[in-house]
Amino acid sequence: MANKALFQELIYDEAGNLVETAVVGQEMFYVIDDAGFKRHIDADQVDRQVLSIFLEQLEANKDIAVEQALRMMGKDDLFTKAALDAQLDNIDMDQIIAQGIPAQARHMMGMMGFRITINFHGEVINMDQPTLPDDEF
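This is a predicted model, so every value here is computed, not measured.

Student: Sorry if this is basic, but what is going on with the overall build of the protein chain here?
Tutor: Assigned secondary structure in the protein chain consists of five helices and six strands. Along the protein chain, helices (α) and strands (β) appear in the sequence β-β-β-β-α-α-α-α-α-β-β when read from the amino end. When its C-alpha atoms are laid out on the principal axes, the protein chain stretches across 55 × 35 × 25 Å. Buried positions account for 31% of the 137 residues belonging to the protein chain. The long-range share in the protein chain, meaning contacts at least 24 apart out of those at least 6 apart in sequence, stands at 57%. On the protein chain, roughly 8,800 Å² of surface is accessible, and the fraction owed to carbon and sulfur atoms is 52%. Charged side chains in the protein chain number 10 positive and 25 negative. The centres of these two groups are separated by 4 Å.

The following block contains the structure:
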């Protein structure tokens, strides 16, 4: 069970309503209003689905991610590239969940158009993500 909601303020229900969060005991839940009935969905369940999608996308676009990271750091040497490759190969979902996502980063994601839609069962049914224009590559 989760003690934080990684994607708080970025989760919406199928009707387009922002999903609230709640703490029950020491556990964090996303709360969907189902015609007045508050459905509590384990935040960890939803967060792991979203992170899984991210990690799949990262793996599929690893070369682009490394290239962009090198460009952002202003470095283009073999050792930095090897270090980034190694880091991307060793990403640990549990470590991301334990560390969390800073509120400022979540707000930035929201402003860029990042949005997750879940159903009443907590299944991710859609993710809107900002994309780079084609001429960026």
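Still more to cover.
Student: What is the right way to read the pattern of salt bridges from this model?
Tutor: Close approach of charged atoms lets side chains of opposite charge pair. Under the definition given, this model contains seven salt bridges. Of the charged contacts, one joins Lys 38 and Asp 33 as a salt bridge, the two residues approaching to 3.8 Å between their closest N and O atoms. A relative accessible area of 41% places Asp 33 in the partly exposed class. Note that Arg 48 is salt-bridged to Asp 94, the shortest N-O span being 2.6 Å. Taken as a pair, Arg 48 in helix α1 (residues 43-60) and Asp 94 in helix α4 (residues 93-99) lie far apart in primary sequence, 46 residues in all. Assessed through its relative accessible area of 43%, Asp 94 is described here as partly exposed. What you see here is one network of salt bridges that share partners, running through Asp 44, Arg 48 and Asp 94.

Student: Just checking my understanding: could you explain the packing of aromatic side chains for this structure?
Tutor: Aromatic ring pairs: the centre-centre distance and the angle between the two ring planes describe each pair. Taken as a whole and judged by the stated rule, the model has three aromatic pairs. Each ring, one from Phe 7 and one from Phe 54, has its centre 6.1 Å from the other, and the planes form 55°; the classification is tilted. Within this pair, whereas Phe 7 is found in the segment before β1 (11-12), its partner Phe 54 is found in helix α1, the two being separated by 47 residues in sequence. Of the residues examined, Phe 7 reaches a relative accessible area of 0% and is grouped as buried. One aromatic cluster is present, formed by Phe 7, Phe 54 and Phe 114 through successive ring pairs.

Student: I keep staring at the nonpolar core and nothing clicks. Help me out?
Tutor: Counting residues in hydrophobic clusters, the biggest one holds 23 residues, and the most contacted among them are Phe 7 and Ile 116. Broken down by secondary-structure element, the contributors of at least two residues to this core are β3 (27-34), α1, α4, β5 (115-118) and β6 (124-128). In terms of residue count, the dominant contributor to this core is α1 (four residues). Beyond its immediate chain neighbours, meaning those up to four positions away, Ile 116 contacts Phe 7, Leu 10, Ile 11, Tyr 12, Val 50, Val 124, Asn 126 and Met 127.

Definitions and limits used
- Residues numbered from 1 in each chain as written.
- Predicted model: local features only at pLDDT ≥ 70, side-chain atom pairs only at ≥ 80, totals over all residues.
- Heavy atoms only, no water.
- Helix = DSSP H or I, 4+ residues; strand = E, 2+ residues; numbered from the N terminus.
- Buried < 20%, exposed > 50% of the residue type's maximum accessible area, 1.4 Å probe, protein only.
- Contact = heavy atoms within 4.5 Å.
- Areas by Shrake-Rupley, 256 points an atom, 1.4 Å probe, with all protein chains shown as cover.
- Lys, Arg positive; Asp, Glu negative; His and termini not counted.
- Charge placed at Lys NZ, Arg CZ, Asp CG, Glu CD.
- Salt bridge = Lys/Arg side-chain N within 4 Å of Asp/Glu carboxyl O.
- Phe/Tyr/Trp six-rings, centres within 6.5 Å; stacked < 30°, edge-to-face > 60°.
- Core = buried A, V, L, I, M, F, W, Y, C linked by side-chain atoms within 4.5 Å.

Take it as geometry only, folks, not as evidence of what the structure does.
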